[in-house]
Amino acid sequence: MSQKPKGGHTALTVVLTILIVLMLAATAFLIYLCIDMVNKEAEVTPTQDSSLMLPTQSSVPETTVPETTVPPTTEAPEPERVVATASVGIIGDLLMHSPIFKNCQQADGTYNFESVFRYGKELFTSYDYAIANLETTFGGPSHPHIPNQAYCCPDELATSAKEAGFDMFQTINNHAGDSSGDGLIRTIETTRAAGLATLGTQLPGEKRYSVVDINGIKVGMVAYSWAFAISGNSFSLNGYGYIKDEGQANYFSKSNPDKLYNELKPILEGMKEDGAEVTMILIHWGEEYEIKENAAQDKMAQKLCDMGFDVIVGGHPHVVQPMALLQSTENPEHKAYCIYSLGNAVSNQRIGMFSRTSRYTESGVLFNATFEKYSDGKVYVAGIDAIPTWVNMHAKNGKREYNILPLLKDKEDQWKTDYDLTDGELSAAQDSYAKTMKIIGDGLTACQEELAQAKTDREAYYQNLAEHPELATQAQTQPVATVPEATQETTAAEAA
């Protein structure tokens, strides 16, 4: 019997074994893949602890997720408000005739002018800043007072004025040079030594203006006076000697007002650079004893308004002149508030002393301008007032007193007792008040009505802006022409 070879059977067995192993391996791999896929599906199922983030609302189309309107929970912003107020009071001429200071001399030879300011002190000190026009000089012993020609007053006037509440003297006027050049400088130094600032005259090299910070409001101030004559580089303010011009006095010529305007332009620019938020000019002009301003003053006032000055305060006539509301011809938004003359604060020019006084030289005005700063930083002229004053000359303790009396109408029933007046003096005070108000009343009313309306409009604007902040803002802003030559002045009269 025949047999198959042994080697062939062994090879088949090996092949079958390999195939079986491969099939088992493939089956195991397929099982592994299935298990792995199941595990991955479980991992992508979102759970509370999953690190995968859902799409945010901003990534979802707006059409699929409507917005919910939430009513505002905050109130409308507050409107701009007043954060600072500054009041400036200005009184007329301290025309210091010799009878006034001789009656203020004390037993030891010194002087005390308390009686001059006694009844006005409470009002003067109520202003944040008070100014008086020094219509004399502090020339010292080398420059004696010469009646009707060269005025010089004892130094103690500056100390008494400071104690009465004044902060500044206007030291430029037609009598500022009566003690010559050295007296002009001495007047500046004496005034400052008493604690008062000076305006209108300055030491050589100093600025011609001042920017005064009053309660956080920066007020730019400058003062000028007409000059009697100009010759080359010298000037005469009152026809009494010439002074070499070293920049220590602010003056202009009536026949050449361009000198004033040309100097004021850089002065205004300098004020603004120094932070001035409102501006005022004190100016010595006009004709003596005339109760109405002349055409030259009108033209100058308009030019000053056009240049941008906010407040214009005049002096020199020794009588009160009208007030006026001026509107710029270059910027209709800008207005200026002007009084042409404050009259005398104190003098010895009495009714009946000589004809040209015309019964008005005993009267004056205490002028007051109030400024307000709002929380947006803007400053406005907020108020203008003018209080008539009267000089009561009367005998007391063997001497004469010259008292400046503020005539507040709402206190008229107290004038007699408060000021210790006789019936005749009370009548004179009432007459003075009536005459002054007849001169300034219409202009004062116009200024006050304009300012009241402007404040109403301003407050309404700020309220509307707070309620509608999308509205655009429009700032308010705010002074000139050729002046014909004015007639010569007559020197102020003085009783011996």
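Residues numbered from 1 in each chain as written. Predicted model: local features only at pLDDT ≥ 70, side-chain atom pairs only at ≥ 80, totals over all residues. Heavy atoms only, no water.

Before going further, it helps to spend a moment on the pairing of strand β14 (residues 335-342). Consecutive side chains of a regular strand alternate in pointing toward one face of the sheet and then the other. Within β14, 8 of the 8 residues are buried, which leaves the element mostly enclosed by the surrounding structure. For strand β12 (residues 311-315) and β14, the ladder comprises 3 bridges, and the chain directions are parallel. Looking at the pairing, V311 lines up with Y337 of β14. Sheet analysis places strand β13 (residues 320-327) next to β14, joined by 7 bridges and oriented antiparallel. Each residue of the ladder has a partner; that of M323, found in β14, is I339. (Buried < 20%, exposed > 50% of the residue type's maximum accessible area, 1.4 Å probe, protein only. Helix = DSSP H or I, 4+ residues; strand = E, 2+ residues; numbered from the N terminus. Pairing = 2+ DSSP bridges.)

What follows is about the nonpolar core. Nonpolar side chains in soluble globular proteins generally cluster together in the buried interior. Counting residues in hydrophobic clusters, the biggest one holds 50 residues, and the most contacted among them are I90, M221, M280, F367, F371 and I384. Setting aside anything within four residues of it in sequence, one finds M221 in contact with Y129, I131, M168, L199, Y209, S210, V212, I214, M271 and M280. (Core = buried A, V, L, I, M, F, W, Y, C linked by side-chain atoms within 4.5 Å. Contact = heavy atoms within 4.5 Å.)

In this model helix α8 (residues 295-307) runs 18 Å from its N-terminal to its C-terminal C-alpha over 13 residues, within 8% of the 18 Å that 1.5 Å per residue would give. Among all positions of α8, only A296, Q297, M300, A301, L304, C305 and D306 are buried. As for α8, its buried residues are in contact with β10 (251-253), α7 (258-273), β11 (278-284), β12, β13 and β14. Between the side-chain oxygen of the N-cap and the backbone nitrogen of A296 there are 3.2 Å, and the N-cap of α8 in question is N294. Just beyond α8, the residue with positive phi is G308, at close to 120 degrees. (Expected span 1.5 Å × (residues − 1). Polar contact = N/O pair within 3.5 Å; in protein donor to acceptor, adjacent residues only side chain to side chain.)

Within the element layout of this structure, D420 appears in the loop between α9 (415-418) and α10 (423-467). For D420, a relative accessible area of 55% puts it in the exposed group. Apart from the residues lying within four places of it in its own chain, the contact partners of D420 are Y119, W415 and E425.

So, on to the packing of α7 against α8. Angle between the axes and distance between the axes are the two parameters that describe a pair of packed helices. Relative to each other, α7 and α8 sit at 25 degrees, their axes nearing to 11 Å. Relative to α8, the element α7 lies roughly parallel. At the point where α7 passes α8, the crossing takes the right-handed sense. Judged by residue contacts, L260, Y261, L264, K265 and L268 of α7 engage M300, K303, L304 and M307 from α8. Here the residues of the contact of α7 with α8 sort into 7 nonpolar, no polar and 2 charged. (Axes fitted to C-alpha atoms, helices over the stretch in contact; angles between N-to-C directions. Parallel < 35°, antiparallel > 145°, perpendicular 65-115°, else oblique. Left-handed = near helix turned anticlockwise from the far one by under 90°. Nonpolar A, V, L, I, M, F, W, Y, C, P; charged D, E, K, R; others polar.)

In this section: the side chain of Q321. Mapped onto the fold, Q321 is located in strand β13. Note on Q321: relative accessible area 0%, which makes it buried. Polar side-chain contacts of Q321 include one of 2.6 Å to the backbone oxygen of E290.

Before going further, it helps to examine helix α5 (residues 156-163). Looking at α5, one finds that the buried residues are L157, A158, S160 and A161. For α5, the angular spread of the buried residues around the axis is 165 degrees, confining them to a single face. Buried residues along α5 sit against α3 (114-117), β2 (129-134), β3 (168-170) and α6 (180-193). Remark: G165 follows α5 within two positions and exhibits a positive phi of approximately 115 degrees. (Arc of directions from axis to C-beta.)

Here we take up the packing of aromatic side chains. Scanning all chains against the criterion turns up 11 aromatic pairs. For the pair F235 and Y251, a centre-to-centre distance of 4.5 Å together with 25 degrees between the ring planes defines the contact as stacked. On the criterion of sequence distance, the pair formed by F235 in strand β8 (residues 234-236) and Y251 in strand β10 is long-range, its members being 16 residues apart. Given the relative accessible area of 0%, F235 is considered buried. On the accessibility criterion, Y251 (2% relative accessible area) is buried. The interplanar angle of 25 degrees and the centroid separation of 5.8 Å between the aromatic rings of W285 and Y340 together place this pair among those described as stacked. Of this pair, W285 sits in the loop between β11 and α8 while Y340 sits in strand β14, and the two are 55 residues apart along the sequence. Chaining the aromatic ring pairs together yields one cluster made of Y374, Y380, Y461 and Y462. Sitting over the ring of W226, K254 keeps its end group 4.0 Å from the ring centre. (Phe/Tyr/Trp six-rings, centres within 6.5 Å; stacked < 30°, edge-to-face > 60°. Lys NZ or Arg CZ within 6 Å of the ring centre and 35° of its normal.)

Mapped onto the elements of the fold, T279 is located in strand β11. By relative accessible area, which is 2% here, T279 ends up buried. Here T279 is in contact with G220, L268, M271, K272, G308, F309, D310 and V311, once residues within four sequence places are set aside.

A word on the sheet that holds strand β9 (residues 243-244). Strands sit in the order β7-β8-β9 across an open sheet of 3 strands; the sheet is antiparallel. Each having just a single partner strand, β7 (229-231) and β9 make up the two edges of the open sheet. Where β7 and β8 come together, 3 bridges link them in antiparallel fashion. Counted as the bridge partner of I230 is F235 from β8.

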